[in-house]
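Results of the structural survey
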Amino acid sequence: MDGRSARRDATRQKLFEATMALIAEQGFSDTTVDQIAERAGVAKGTVYYNFASKSVLFEELLRYGVGLLTADFTAAVAGLPPVDAMAALVRAELAFIQRYRSFAQLLLSEMWRTQRDWQQTLRLLREEAITVIAETVQAGVDSGDFAADLDVRLSASALFGVCLVVALDWLVFNPEQPIEQVESAVLAIVRSRAAVNAQP
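Reference entry: report on the structure contained in this document.

The rules behind these values
- Residues numbered from 1 in each chain as written.
- Predicted model: local features only at pLDDT ≥ 70, side-chain atom pairs only at ≥ 80, totals over all residues.
- Heavy atoms only, no water.
- Buried < 20%, exposed > 50% of the residue type's maximum accessible area, 1.4 Å probe, protein only.
- Helix = DSSP H or I, 4+ residues; strand = E, 2+ residues; numbered from the N terminus.
- Arc of directions from axis to C-beta.
- Contact = heavy atoms within 4.5 Å.
- Expected span 1.5 Å × (residues − 1).
- Salt bridge = Lys/Arg side-chain N within 4 Å of Asp/Glu carboxyl O.
- Phe/Tyr/Trp six-rings, centres within 6.5 Å; stacked < 30°, edge-to-face > 60°.
- Axes fitted to C-alpha atoms, helices over the stretch in contact; angles between N-to-C directions.
- Parallel < 35°, antiparallel > 145°, perpendicular 65-115°, else oblique.
- Nonpolar A, V, L, I, M, F, W, Y, C, P; charged D, E, K, R; others polar.

The next thing to look at is helix 2 (residues 33-40). Those residues of helix 2 that sit buried are Val-33, Ile-36, Ala-37 and Ala-40. Down the axis of helix 2, the smallest arc covering the buried residues is 95 degrees, so these residues share one side. Here the buried face of helix 2 lies against helix 1 (3-26), helix 3 (44-50) and helix 4 (54-77). Gly-41 lies just past helix 2 and shows a positive phi near 75 degrees.

Below, the structure written as structure tokens:
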């Protein structure tokens, strides 16, 4: 990666974190580009240089955020057998949501909205993340570690959704609970359905 690309990625990371924090505090409609620039510590012109409008900014930051999650999923499962990979996916999603709680809240709310300009983009991005989970589930079915009658795609969607909702519940109501306990609880649910041949 050259210096220009590194600077662009660093700027997008700052804009991502600033935008997610502001939207969590006051909502999308009340968040302005001026506020985003100020919170991110960049010039307003820098925001418009990277994004044509606030709507485009938001769509691209959704893309960026889900891309980060998908990359975390891919890295987490690399080289692991299915049972271990499933646990790694759960931990990766919980850790991501712990780090980017505002983004997770936003992702959950936006998945329910159907009139946004970026709804199709969000649908495609969600599929990319779930595909990594589905590949792990399919590998477990093929190896005999998971139940042969699992609906692979639905199971992958279910795991993604369970982690998302459980993580937000954890961070809102029981933030003092260690991530290991939350991970263990989610895996207990997964194992009871997937019949994973592993000890809790």
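Our focus in this paragraph is helix 7 (residues 119-143). End to end, helix 7 covers 36 Å across 25 residues, agreeing with the expected 36 Å (1.5 Å per residue, within 8%). Looking one or two places after helix 7, you find Gly-144, whose phi comes out positive at around 90 degrees.

Once that is clear, we can look at the pattern of salt bridges. Here the structure, examined in full by the defined rule, presents nine salt bridges. Put simply, Glu-127 and Arg-153 hold a salt bridge, and the shortest N to O gap is 2.6 Å. A residue pair is termed long-range when its members are at least 10 positions apart, and Glu-127 in helix 7 and Arg-153 in helix 8 (residues 152-173) qualify at 26 residues. Since its relative accessible area comes to 34%, Arg-153 is described here as partly exposed. Connected through shared salt-bridge partners, Arg-12, Glu-59, Glu-60 and Arg-63 make up one network.

Among the structural elements, Phe-103 can be located in helix 6 (residues 101-110). With residues near it in sequence (within four places) discarded, Phe-103 still touches Phe-16, Met-20, Leu-61, Leu-62, Gly-65, Val-66 and Phe-96.

Turning our attention to the packing of aromatic side chains. A full pass over the atoms with the stated rule returns five aromatic pairs. Where Phe-16 meets Tyr-100, the ring centres are 5.3 Å apart and the plane angle is 75 degrees; that geometry is what we call edge-to-face. Here Phe-16 is found in helix 1, whereas its partner Tyr-100 is found in the loop between helix 5 (82-99) and helix 6, with 84 residues between them in sequence. You can call Phe-16 buried: its relative accessible area is 0%. A ring pair is formed by Phe-16 and Phe-103, whose centres lie 5.3 Å apart and whose planes are at 55 degrees; its orientation type is tilted. Here Phe-103 lies in helix 6 and Phe-16 lies in helix 1, a separation of 87 residues in the sequence. Grouped by ring-pair contacts, the aromatic residues Phe-16, Tyr-64, Phe-96, Tyr-100 and Phe-103 constitute a single cluster.

This part is about the packing of helix 1 against helix 4. Here helix 1 crosses helix 4 at 105 degrees, and the two axes come no closer than 10 Å. Judged by the angle between their axes, helix 1 and helix 4 are roughly perpendicular. Seen from helix 1, the contacting residues are Asp-9, Arg-12, Gln-13, Leu-15, Phe-16, Thr-19, Met-20 and Ile-23; seen from helix 4, they are Leu-57, Phe-58, Glu-60, Leu-61, Tyr-64, Gly-65 and Leu-68. Its residues assigned to classes, the contact of helix 1 with helix 4 comprises nine nonpolar, three polar and three charged.

Scope: geometric values only; no functional claims are made or implied.
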